[in-house]
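# Observations on chain architecture
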Amino acid sequence: MERHSATSSNGHRTITAVLMGLLVSSMGLFAQPPKDIAGWGKLTWSMQPTQAKALYADHTVQVGLKIGDITVPDMVVIKDVDIDGMPVDVHLQFDKKTNNLIIITLDPGLKYKPAPTGELAAMPMEREMAFGHFKTLLIGKYGAPANEERKPTYDLLNHPNGTQTTLMWAFPSTTIKLEWDEERFSVGVTVRYYAATKNNPM
């Protein structure tokens, strides 16, 4: 993430994306939700890493995701994919046995910057607006969520630590979760698509 200039830019892009999302999704609010989905966009659960990367040959593709001091090797990250005006990184996780795609995460990057600074990459209002943007788009495409939960979170000493909001859509082949964490050490907004398999029964 860039520093303050990028934070301001991300905020403007978030606001613009929210307005565009409201306009686009309003046209499909009364559309009939699909009976099932088998992935996200061009990506399907049967795909192997080489197939997924080939679909986004015009994007920067990173193999392996670094989280702090840990690198997740079986992750492919497609950089800066446009979602109705909002740029997101698309994280692809593959089954270690079959090498099939099992989790797709859309991440707009509204969280902490990497160490050592640990700064916030965005303000709570930006995450709230991004959450509303994704919620509107998902409802427009898939109908009302099957479950919506907002709960307080607590640290190891049982002190209030923030809030976690989760919306879920369930289909025979796929579970979708829109998550917004606004906790002391965990912030961010993500959309995750999970394949309904024996090894990943979401």
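These numbers come from a predicted model, not from an experiment.

Any aromatic ring pair is given by two values, namely how distant the centres are and how the planes are angled relative to each other. Within the structure shown, the criterion is met by three aromatic pairs. Note on phenylalanine 131 and tryptophan 180: the rings are 5.4 Å apart at their centroids and 40° apart in plane angle, and the pair reads as tilted. Taken together, the residues span a long stretch of sequence, with phenylalanine 131 in helix H3 (residues 124-142) and tryptophan 180 in strand E9 (residues 174-183) at a distance of 49 residues. We note that phenylalanine 131, like tryptophan 180, is buried. Consider the rings of tyrosine 142 and tyrosine 193, whose centres lie 6.4 Å apart with planes at 70°: the pair is edge-to-face. Placement of tyrosine 142 in helix H3 and of tyrosine 193 in strand E10 (residues 187-195) is noted, with a sequence separation of 51 residues between them.

It is worth spelling out H3 at this point. Given a rise of 1.5 Å per residue, 19 residues ought to cover 27 Å, and the 26 Å separating the end C-alpha atoms of H3 matches this to within 8%. All buried positions along H3 are accounted for by Glu126, Arg127, Ala130, Phe131, His133, Phe134, Leu137, Leu138, Gly140 and Tyr142. Just beyond H3, the residue with positive phi is glycine 143, at close to 85°.

Residues Trp40, Leu43, Val90, Leu92, Ile104 and Tyr193 are the most contacted members of the largest nonpolar core, which totals 39 residues. Broken down by secondary-structure element, the contributors of at least two residues to this core are strand E4 (70-83), strand E5 (86-94), strand E6 (101-107), H3, strand E8 (160-170), E9 and E10. If you tally residues by element for this core, the top one is H3, at six residues.

Mean pLDDT for the protein: 80, with 72% of residues reaching 70 or above. Model confidence for the protein, summarised as mean pLDDT per element, is weakest for helix H1 (residues 4-26) at 49 and strongest for strand E2 (residues 43-44) at 96. When the criterion is pLDDT under 50, residues 1-8 qualifies, and its contacts beyond four places in sequence or with other chains add up to 15 contacts. A low-confidence stretch, residues 22-29 stays under pLDDT 50, and its non-local contacts, those more than four residues away or across chains, total nine contacts.

Moving on: the pairing of E6. Of all seven residues that make up E6, seven are buried, and the element is covered over most of its length. Looking at chain direction, E5 and E6 are connected through six bridges and run antiparallel. Bridging across to E6, glutamine 93 finds its partner in isoleucine 103. If you look at the hairpin formed by E5 and E6, you'll find six residues sitting between the two strands, and asparagine 99 has a positive phi there, around 70°. Relative to E10, E6 runs antiparallel, the two sharing four bridges. Residue pairing for E10: threonine 105 is matched across the bridge by arginine 192.

In this section: the environment of proline 34. Considering the arrangement of structural elements, one finds proline 34 in the loop between H1 and strand E1 (39-40). Note on proline 34: relative accessible area 29%, which makes it partly exposed. C-alpha of proline 34 to C-alpha of tyrosine 142: the two residues are 108 residues apart in sequence and 6.6 Å apart in space. In contact with proline 34, not counting residues within four places along its chain, are Lys141, Tyr142 and Phe171.

A negative phi holds for most residues other than glycine; trans holds for most peptide bonds. Its identity is not glycine, yet aspartate 84 carries a phi of approximately 50°, on the positive side. With respect to the helices, strands and loops of the structure, aspartate 84 is situated in the loop between E4 and E5. For aspartate 84, a relative accessible area of 29% gives the class partly exposed. Positioned with a positive phi, asparagine 99 is a non-glycine residue whose angle comes to about 70°. With respect to the secondary-structure elements, asparagine 99 resides in the loop between E5 and E6.

Calculation notes
Residues numbered from 1 in each chain as written. Predicted model: local features only at pLDDT ≥ 70, side-chain atom pairs only at ≥ 80, totals over all residues. Heavy atoms only, no water. Phe/Tyr/Trp six-rings, centres within 6.5 Å; stacked < 30°, edge-to-face > 60°. Helix = DSSP H or I, 4+ residues; strand = E, 2+ residues; numbered from the N terminus. Buried < 20%, exposed > 50% of the residue type's maximum accessible area, 1.4 Å probe, protein only. Expected span 1.5 Å × (residues − 1). Core = buried A, V, L, I, M, F, W, Y, C linked by side-chain atoms within 4.5 Å. pLDDT = per-residue confidence, 0-100. Contact = heavy atoms within 4.5 Å. Pairing = 2+ DSSP bridges.

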